[in-house]
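# Residue-level structural notes
Below are the chains, spelled out letter by letter.
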Amino acid sequence: MGEISFGLPADPVRSGQEADLARARTGDDAAFARLVGPLYQELHAHCYRMLGSTHDADDALQEALLRAWRGLARFEGRGSLRSWLYTVATRTCLDLVASRAKRALPADLGSSSDRAVLDAASLTDVAWLAPYPDQGLADGRAAPEARYERRESVELAFVAALQHLSGNQRAALLLFDVLGFSAAEIATMIGTSTTSVNSALARARRLIAEKTPSMSQQQALRKIGDAKVHKLVAAFATALERGDIDALVPLLTEDVTWSMPPLAHWYKGLAAVTDFALQVPITRCPSWRTLPTSANAQPAVAFYLGGDVAGPHTAWSITVFALRGPRICEIVSFLGPDHFPPFALPASLP
């Protein structure tokens, strides 16, 4: 979305925005809603990148919009409404980053397991990274100066890497490389100096380069093609539904990983992943049903578990895939029915 400027010669759209701004300043909440509505999705995605959780993003954005509503009189219209709202949202997220543990994936906690771990208990004292429902997320870059596409910037590997940055490093990287704000603008937004922003940005870029693949999933998916991607993910879901390990294994790379937050154990390599798949989801889970979806701008499948083939199946996991070439190189199964409502997915299947 482009910048929304105030105080310039008005066209009909800008005149309507100025009128809504004037009404909102007098307490018209409907006018305020019209102003922020077109920016809601991108602001929500920004909060998710900062916080690594859809639920935290919901809370942060609601708090940010409440702060903006209460402080609207301080918006003088010298810059754009968009940049002012990003300032409020970023500062709200920084407050949360300072008071909460960083979000993690199982690989952040320890080494992988060579064999299937049975009856593992969930770790409830860990702040786990959560999947992001990407419906409505725009394609392309937010600004010509941005390094990352908007969909690249919600990929699991990228968001997981962000959690290793300090709050200011996170904000600087996202505001500069994802959203295209200048270092001077960012310094004003987060209350620091341009020199500090540039320093934080340099450190953040180094760490992100170390912790993310050289090829983003958006690049990999375009290279593979939509038809092959859908066929590959559907083949995985079908193989698990049928309990067919011989059909499942050829879909995976030799160095494939499989993790299942909130379980701490995770698996790396074809032998370990095959052992886990055979011992747990294929042998110990009576019946699976699946629905295709998308999460973090990556292909995903919603898995439902049932006691038998004929009975109801309840929400079990949102499983997100990373692909390399014609195979699956990473599987992250986010366990728990709480992940399903943001994706507008049913809690059970008949």
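Residues numbered from 1 in each chain as written. Predicted model: local features only at pLDDT ≥ 70, side-chain atom pairs only at ≥ 80, totals over all residues. Heavy atoms only, no water.

The next subject is the overall build of the protein chain. Helix and strand counts for the protein chain come out as 13 helices and seven strands. Taking 20 Å as the expected radius of gyration for a compact globule of 350 residues, we find that the protein chain reaches 22 Å, a close match to that expectation. The principal-axis extent of the C-alpha atoms belonging to the protein chain is close to 65 × 45 × 40 Å. Counting only residues that meet the buried cut, the protein chain has 52% of its 350 residues in that class. In the protein chain, of all internal contacts separated by at least 6 residues, the share reaching a separation of at least 24 is 64%. About 15,900 Å² of surface is accessible on the protein chain, with carbon and sulfur atoms providing 54% of the total. (Helix = DSSP H or I, 4+ residues; strand = E, 2+ residues; numbered from the N terminus. Rg over C-alpha atoms; globule rule 2.2 N^0.38 Å. Buried < 20%, exposed > 50% of the residue type's maximum accessible area, 1.4 Å probe, protein only. Contact = heavy atoms within 4.5 Å. Areas by Shrake-Rupley, 256 points an atom, 1.4 Å probe, with all protein chains shown as cover.)

A few words on the packing of helix H7 (residues 167-178) against helix H9 (residues 194-211). Put simply, H7 and H9 touch, their axes get as near as 8 Å, and they point 90° apart. In terms of orientation, H7 and H9 fall into the roughly perpendicular class. Taken together, the residues of H9 that come into contact with H7 (itself represented by Asn168, Gln169, Ala172, Leu173, Phe176 and Asp177) are Val197, Ala200, Leu201, Arg203, Ala204, Arg205 and Ile208. Classifying every residue of the contact of H7 with H9 gives eight nonpolar, two polar and three charged. (Axes fitted to C-alpha atoms, helices over the stretch in contact; angles between N-to-C directions. Parallel < 35°, antiparallel > 145°, perpendicular 65-115°, else oblique. Nonpolar A, V, L, I, M, F, W, Y, C, P; charged D, E, K, R; others polar.)

A full pass over the atoms with the stated rule returns 13 salt bridges. Salt bridges linked by common partners bring Asp20, Arg23 and Arg34 together as one network. (Salt bridge = Lys/Arg side-chain N within 4 Å of Asp/Glu carboxyl O.)

This part is about the packing of aromatic side chains. For any two aromatic rings, the description comes down to two numbers: the centre-to-centre distance and the angle of the planes. Taken as a whole and assessed by the stated rule, the structure comprises twelve aromatic pairs. The interplanar angle of 55° and the centroid separation of 5.3 Å between the aromatic rings of Phe32 and Trp69 together place this pair among those described as tilted. Residue Phe32 is found in helix H2 (residues 29-36), and its partner Trp69 is found in helix H4 (residues 54-70); the two are separated by 37 residues along the sequence. Take Trp69: its relative accessible area is 27%, and that puts it in the partly exposed class. Ring centres of Trp258 and Phe276 lie 5.0 Å apart, and the angle between their planes is 80°; this geometry places the pair in the edge-to-face category. With a gap of 18 residues between them, Trp258 in strand E1 (residues 252-259) and Phe276 in helix H13 (residues 270-282) connect regions that are remote in the sequence. One aromatic cluster in this structure is built from Phe236, Trp258, Tyr267, Phe276 and Phe321. (Phe/Tyr/Trp six-rings, centres within 6.5 Å; stacked < 30°, edge-to-face > 60°.)

This part is about H13. The α-helix advances 3.6 residues per turn, and as a result positions three or four apart in sequence lie on the same side. Its 13 residues place the ends of H13 only 16 Å apart at the C-alpha level, less than the 18 Å of an ideal helix rising 1.5 Å per residue. When we look at burial in H13, the residues that qualify are Leu270, Ala272, Val273, Asp275, Phe276, Ala277, Val280, Pro281 and Ile282. Along its buried surface, H13 packs onto helix H11 (226-242), helix H12 (245-248), E1, strand E2 (266-268) and strand E3 (287-295). (Expected span 1.5 Å × (residues − 1).)

Relative to strand E4 (residues 298-306), E3 runs antiparallel, the two being bridged by nine bridges. Bridge pairing links Thr293 to Ala300 in E4. Following E3, the chain reverses through two residues before pairing antiparallel with E4; Asn296 in that reversal takes a positive phi of roughly 55°. (Pairing = 2+ DSSP bridges.)

The next thing to look at is the pairing of strand E6 (residues 327-335). Judged by how many residues are buried, E6 sits mostly within the fold: seven of nine residues are covered. As paired strands, E1 and E6 are joined by four bridges and run parallel to one another. Counterpart to Leu252 in the pairing with E6 is Ile328. The sheet contact formed by strand E5 (residues 313-324) and E6 spans eight bridges and is antiparallel. From the neighbouring strand, Leu323 faces E6, where its bridge partner is Ile328. With antiparallel pairing between neighbouring strands as the criterion, E5 and E6 make up a hairpin whose turn holds two residues, including Gly325 at a positive phi of roughly 65°.

On the secondary structure map, Arg82 appears in helix H5 (residues 81-99). Looking at Arg82, its side chain comes within polar contact range of the side chain of Glu42, at 3.0 Å. (Polar contact = N/O pair within 3.5 Å; in protein donor to acceptor, adjacent residues only side chain to side chain.)

Turning our attention to unusual backbone geometry. Leaving glycine out, the prevailing phi sign among residues is negative, and the prevailing peptide bond configuration is trans. A cis geometry characterises the amide bond from Pro261 onward to Pro262, with omega recorded as 20°. Summarising the element assignment, Pro262 is placed in the loop between E1 and E2. In the Ramachandran plot, Ala297 falls in the positive-phi region, its phi being about 60° despite a non-glycine side chain. Following the sequence through the fold, Ala297 ends up in the loop between E3 and E4.

Right, let's get into the nonpolar core. Formed by 76 residues in total, the largest nonpolar core has its most connected members in Met50, Trp84, Leu85, Leu173, Leu175, Ile190 and Ile318. Apart from residues lying up to four places away in sequence, Trp84 is in contact with Ala68, Gly71, Leu72 and Phe75. Among the nonpolar cores identified, the runner-up in size contains 36 residues, and Phe236, Ala272, Leu323 and Leu335 belong to it. (Core = buried A, V, L, I, M, F, W, Y, C linked by side-chain atoms within 4.5 Å.)

What follows covers the packing of H5 against H7. In the contact formed by H5 and H7, the axes pass within 10 Å of each other and the chain directions differ by 150°. In terms of axis orientation, H5 runs roughly antiparallel to H7. When you trace H5 past H7, the crossing you get is right-handed. In this structure, H5 uses Thr90, Leu94 and Val97 to contact H7, whose residues at the interface are Gly167, Asn168, Arg170, Ala171 and Leu175. When grouped by side-chain class, the residues that make up the contact of H5 with H7 number four nonpolar, three polar and one charged. (Left-handed = near helix turned anticlockwise from the far one by under 90°.)

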